[in-house]
Amino acid sequence: MSLQINPVLCRAGVMDNYAYVIVDEQTGTGAVVDASEAEPVIKKCQELQLHPQYIFTTHHHFDHVGGNKILKEKYGLKIIGPQAEKELIDGLDIGIKDGDEFLFGASPVKVISAAGHTRGHVLWYFSDDKTLFTGDVLFNLCIGGIFEGTSAQMWDSLQKIKALPDETLFYPGHEYTQHGLTDAVRHNGAETMAAYVQRMQTRFAQNLPVAPVTLGLEKQCNPYLQINDKKIFEQCF
Ligand code: ZN
Ligand code: FE
């Protein structure tokens, strides 16, 4: 594993966003995934004595870009995000699109487009570490709302996630596990959900995110990943 991932809870108790301060350990290169707010991110960077060079933005919503401006001024970093949302992401420096690949330090990154929540939403996939940042597409036990796209697009986006290796660890844009839990237990039964519930309780007791869990576990427990028919999925909305 060469990517160090530090979750930073933002807008705590209100929207419970996660920004992630990440470090490519081989080169020491730092970045922020979805800078929801500047202040808690700066605090984390100070703790780590890290000067981040990039922000990876999943989509344009304010709770995912709210810290961009201040962080750019403070660190002179580059904001990388979906070209399709260029007009909506202030200060975007590098616009990316589906299938783009590049190196973050020594870590290969792949851009996976995932419309539905917003029209240009992207996922950030760090293939060497099998690490996926899912923004507001996939949360623990639930999925993001469909605001700009269609349920058909959201379905396609979820199929892309399901096609990644089961051992992939995913990091969502919000702590919404509790929101998804009731439906997931109703859908799967308490026995199937036992390991997930156990993890949630253990992590919350330590003030830690439920993430990361593997896509393999998520597929067993997240009702939205268990629907195998696009028509039935579309009827959910
Ligand atoms: Zn959003
Ligand atoms: Fe959000």
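Everything discussed here concerns the structure shown above.
Because the structure is a prediction, the values reported are computed rather than measured.

Participant: Help me understand the packing of helix 1 (residues 38-48) against helix 3 (residues 68-75), please; the structure alone is not making it clear to me.
Facilitator: With their axes 9 Å apart at the nearest point, helix 1 and helix 3 run at an angle of 35° to one another. Handedness of the helix 1/helix 3 crossing: right-handed. Packed against helix 1, whose contacting residues are Ala-38, Val-41, Ile-42, Cys-45 and Gln-46, the element helix 3 presents Ile-70, Leu-71, Lys-74 and Tyr-75 at the interface. Here the contact of helix 1 with helix 3 is composed, by residue class, of 7 nonpolar, 1 polar and 1 charged.

Participant: What is the right way to read the pattern of salt bridges from this model?
Facilitator: Side chains that differ in charge, positive against negative, can pair when their charged atoms come close. One pass over the full model with this rule turns up 7 salt bridges. With a shortest N-O distance of 3.4 Å, Lys-69 and Glu-73 are connected by a salt bridge. In this pair, Lys-69 and Glu-73 are both assigned in helix 3, 4 residues apart and thus about one turn of the helix distant. Exposure class is identical for Lys-69 and Glu-73. Each is exposed. A salt bridge links Asp-93 to Lys-72, with the shortest nitrogen-to-oxygen separation between them at 3.0 Å. You can see Asp-93 sitting in the loop between strand 5 (78-82) and strand 6 (94-96) and its partner Lys-72 sitting in helix 3, a full 21 residues away along the chain.

Participant: Hey, could you run me through the sheet that holds strand 14 (residues 213-214) in this one?
Facilitator: Within a sheet, neighbouring strands are paired by backbone hydrogen bonds and run either parallel or antiparallel to one another. The 6 strands are arranged 7-8-9-10-13-14 in an open sheet whose pairing can be described as mixed. Lying at the two open borders of the sheet, with one neighbouring strand each, are strand 7 (101-104) and strand 14. As defined by bridge partners, strand 7 adjoins strand 8 (residues 107-113) across 4 bridges and the pair is classed as antiparallel. Opposite Phe-102, over in strand 8, you have Val-109 as the bridge partner.

Participant: Explain the nonpolar core to me, please; I cannot follow it from the model alone.
Facilitator: Nonpolar side chains tend to gather and get buried jointly when the protein is soluble and globular. In terms of nonpolar packing, the biggest core is built from 27 residues, with Leu-132, Leu-158 and Ile-161 touching the most fellow members. At the level of secondary structure, the elements contributing two or more residues to this core comprise strand 9 (122-126), helix 4 (151-162), helix 5 (177-188), helix 6 (190-205) and helix 7 (215-221). With 4 residues, the top contributor of residues to this core is helix 4. Once residues within four sequence positions are removed from consideration, Ile-161 is found in contact with Leu-123, Leu-132, Thr-134, Val-137, Leu-138 and Leu-215. Listed in part, the 20 residues of the second largest apolar core include Val-8, Ile-42, Leu-50 and Ile-79.

Participant: Sorry, what's going on with the coordination of the zinc ion (ligand 1) here?
Facilitator: When four donors bind a metal tetrahedrally, each ideal donor-metal-donor angle is 109.5 degrees, and when six bind octahedrally, the ideal angles are 90 or 180 degrees. Those protein atoms acting as donors to the zinc ion (ligand 1) are His-59 (NE2), His-61 (ND1), His-117 (NE2) and Asp-136 (OD), and they sit at 2.2 Å. Here the zinc ion (ligand 1) is ringed by 4 donor atoms whose angles at the metal span 88 to 170°, and the overall shape comes out irregular. Mapped onto the sequence, the donors of the zinc ion (ligand 1) take the spacing H-x1-H-x55-H-x18-D. Metal-to-metal, the separation of the zinc ion (ligand 1) and the iron ion (ligand 2) is 3.2 Å; Asp-136 coordinates the two. Here His-117 is found in the loop between strand 8 and strand 9, whereas its partner Asp-136 is found in the loop between strand 10 (131-135) and strand 11 (138-139), with 19 residues between them in sequence.

Participant: Can you walk me through the coordination of the iron ion (ligand 2) in this structure?
Facilitator: Each protein donor to the iron ion (ligand 2) is listed here as Asp-63 (OD), His-64 (NE2), Asp-136 (OD) and His-174 (NE2); together their distances run 2.1 to 2.3 Å. One way to put it: the 4 donor atoms around the iron ion (ligand 2) meet at angles of 84 to 165°, and that makes the site irregular. On the primary sequence, the residues serving as donors to the iron ion (ligand 2) are separated as D-H-x71-D-x37-H.

Participant: Please explain the packing of aromatic side chains as it appears in this structure.
Facilitator: In this description, an aromatic ring pair is defined by two values, namely the gap between the centres and the angle between the planes. In this structure the tally under the stated criterion is 17 aromatic pairs. Taking the centre distance of 5.0 Å and the plane angle of 55° together, the rings of Phe-233 and Phe-237 count as tilted.

Participant: Would you mind going over the side chain of His-174 with me for this structure?
Facilitator: With respect to the secondary-structure elements, His-174 resides in the loop between strand 13 (169-172) and helix 5. Within the structure, His-174 has its side chain in polar contact with the side chain of Asn-17 (distance 3.5 Å). A distance of 3.0 Å separates polar atoms of two side chains, one belonging to His-174 and the other to Asp-63. Not counting chain neighbours up to four residues away, the residues in contact with His-174 comprise Met-15, Asp-16, Asn-17, Tyr-18, Asp-63, His-64, Asp-136 and Phe-139.

Participant: Just to check I follow, could you spell out unusual backbone geometry for this structure?
Facilitator: Here Ala-211 and Pro-212 are connected by a cis peptide whose omega angle stands at 0°. In this fold, Pro-212 is placed in the loop between helix 6 and strand 14. Residue Asp-16 is not a glycine yet carries a positive backbone phi of 50°. Considering the arrangement of structural elements, one finds Asp-16 in the loop between strand 1 (3-10) and strand 2 (17-24). Residues other than glycine seldom take positive phi values, yet Gln-49 does so here, at roughly 50°. Residue placement: Gln-49 occurs in the loop between helix 1 and strand 4 (54-56). On the basis of relative accessible area, Gln-49 is assigned to the exposed category, the value being 75%.

Reading the values: rules and limits
- Residues numbered from 1 in each chain as written.
- Chains lettered and ligands numbered in written order.
- Predicted model: local features only at pLDDT ≥ 70, side-chain atom pairs only at ≥ 80, totals over all residues.
- Heavy atoms only, no water.
- Axes fitted to C-alpha atoms, helices over the stretch in contact; angles between N-to-C directions.
- Helix = DSSP H or I, 4+ residues; strand = E, 2+ residues; numbered from the N terminus.
- Left-handed = near helix turned anticlockwise from the far one by under 90°.
- Contact = heavy atoms within 4.5 Å.
- Nonpolar A, V, L, I, M, F, W, Y, C, P; charged D, E, K, R; others polar.
- Salt bridge = Lys/Arg side-chain N within 4 Å of Asp/Glu carboxyl O.
- Buried < 20%, exposed > 50% of the residue type's maximum accessible area, 1.4 Å probe, protein only.
- Pairing = 2+ DSSP bridges.
- Core = buried A, V, L, I, M, F, W, Y, C linked by side-chain atoms within 4.5 Å.
- Donors = N, O, S within 2.8 Å, 3.2 Å for Na, K, Ca; no water.
- Tetrahedral: all angles 85-135°; square planar, octahedral: opposite > 155°, others 65-115°.
- Phe/Tyr/Trp six-rings, centres within 6.5 Å; stacked < 30°, edge-to-face > 60°.
- Polar contact = N/O pair within 3.5 Å; in protein donor to acceptor, adjacent residues only side chain to side chain.

Read these as geometric descriptors, not functional statements.
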